[in-house]
Amino acid sequence: MNFRKGQRREDPEINLIPFIDVLLVILIFLMVSTTYSKFTELQITLPTADAQKATDKPFELDVTVDAKGNYTINGEPVSFRDVNGFAQALRAAAAKGGDAGKSPVVIVNADQFAMHQMVINVMEAARIAGYEKLTFAAQTGGGK
């Protein structure tokens, strides 16, 4: 039963402008009060050992690879045809400079712009020569 015939009923309006203002204030408050922390490294505690330092230094073969594809062993330039030839050069350098019974540590100093295959060649030659100890040299800090 509709007793009011002359009046029209108006639909209620929801005004969104105050709602948006409140949301913006909350957003700005959260942006200002939030602290952004970045964890760049793991916090670990390394174990300690009571062992004495080694008194004898292991025999090292210092292999350098530059960006142009040149190889040196202990500062002497080396030329070779294939990986087997480089393995022979490693054996010759080890025989010339170290103990016959000790296996040398091969230290690879590769230029940052050297091709990946050049470093793989050094690793493969060390494997063929029978040298199991291989390490890579790197700069610390900015490096420039």
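Before reading on, note that the structure itself is shown above.
Residues numbered from 1 in each chain as written. Predicted model: local features only at pLDDT ≥ 70, side-chain atom pairs only at ≥ 80, totals over all residues. Heavy atoms only, no water.

A.B. asks: I tried to follow the overall build of the protein on my own but got confused; where do I start?
C.D. replies: Along its length, the protein carries 3 helices and 5 strands. Element order for the protein, N to C, with α for helix and β for strand: α-β-β-β-α-β-α-β. Partitioning the contacts of the protein with sequence separation of at least 6, the portion at a separation of at least 24 is 69%. Within the structure as shown, the protein displays about 12800 Å² of accessible surface, and the carbon and sulfur contribution to it stands at 56%. (Helix = DSSP H or I, 4+ residues; strand = E, 2+ residues; numbered from the N terminus. Contact = heavy atoms within 4.5 Å. Areas by Shrake-Rupley, 256 points an atom, 1.4 Å probe, with all protein chains shown as cover.)

A.B. asks: How should the pattern of salt bridges be read in this particular structure?
C.D. replies: Any two side chains of opposite charge can pair, given that their charged atoms come close. Going through the model one piece at a time under the given rule, you end up with 2 salt bridges. Between K96 and E76 there is a salt bridge, and its shortest N-O distance comes to 3.0 Å. Within this pair, whereas K96 is found in helix 2 (residues 83-97), its partner E76 is found in strand 3 (residues 76-78), the two being separated by 20 residues in sequence. Of the residues examined, K96 reaches a relative accessible area of 59% and is grouped as exposed. R127 is paired through a salt bridge with E124; the nearest N and O atoms lie 2.4 Å apart. Placement of both R127 and E124 in helix 3 (residues 116-129) is noted, with a separation of 3 residues, approximately one turn of the helix. Owing to a relative accessible area of 30%, E124 belongs among the partly exposed residues under this scheme. (Salt bridge = Lys/Arg side-chain N within 4 Å of Asp/Glu carboxyl O. Buried < 20%, exposed > 50% of the residue type's maximum accessible area, 1.4 Å probe, protein only.)

A.B. asks: Just checking my understanding: could you explain unusual backbone geometry for this structure?
C.D. replies: Glycine aside, the phi torsion of most residues is negative, and most peptide linkages are trans. The residue N74 is not glycine, and still its phi comes out positive at about 55 degrees. Looking at the secondary structure, you find N74 in the loop between strand 2 (71-73) and strand 3. When its relative accessible area of 36% is taken as the criterion, N74 is described as partly exposed.

A.B. asks: Even after reading the chapter, I still don't get the nonpolar core, so can you show me in this structure?
C.D. replies: For soluble globular proteins, nonpolar side chains are generally found buried alongside one another. If you look at the biggest cluster of nonpolar residues, it comprises 24 residues, and the most contacted ones within it are L61, I73, F86 and L90. For this core, the elements supplying multiple residues, two or more each, are strand 1 (60-65), strand 2, helix 2, strand 4 (105-110) and helix 3. For this core, the leading source of residues is helix 2, giving 7 residues. When sequence neighbours within four positions are dropped, the list of residues in contact with L61 reads I73, N74, L90, A93, A94, P104, V105, V106, I107 and Y131. (Core = buried A, V, L, I, M, F, W, Y, C linked by side-chain atoms within 4.5 Å.)

A.B. asks: Mind showing me how you'd approach the pairing of strand 5 (residues 133-136) here?
C.D. replies: Moving residue by residue along a regular strand, the side chains alternate between the two faces of the sheet. Summarising the sheet, strand 4 and strand 5 pair through 4 bridges and their orientation is parallel. Bridging from a neighbouring strand, V106 pairs with L134 of strand 5. Following the backbone out of strand 4, through helix 3 and into the adjacent parallel strand 5, one traces a crossover that is right-handed. (Pairing = 2+ DSSP bridges. Right-handed = clockwise from strand over helix to strand, strands pointing away.)

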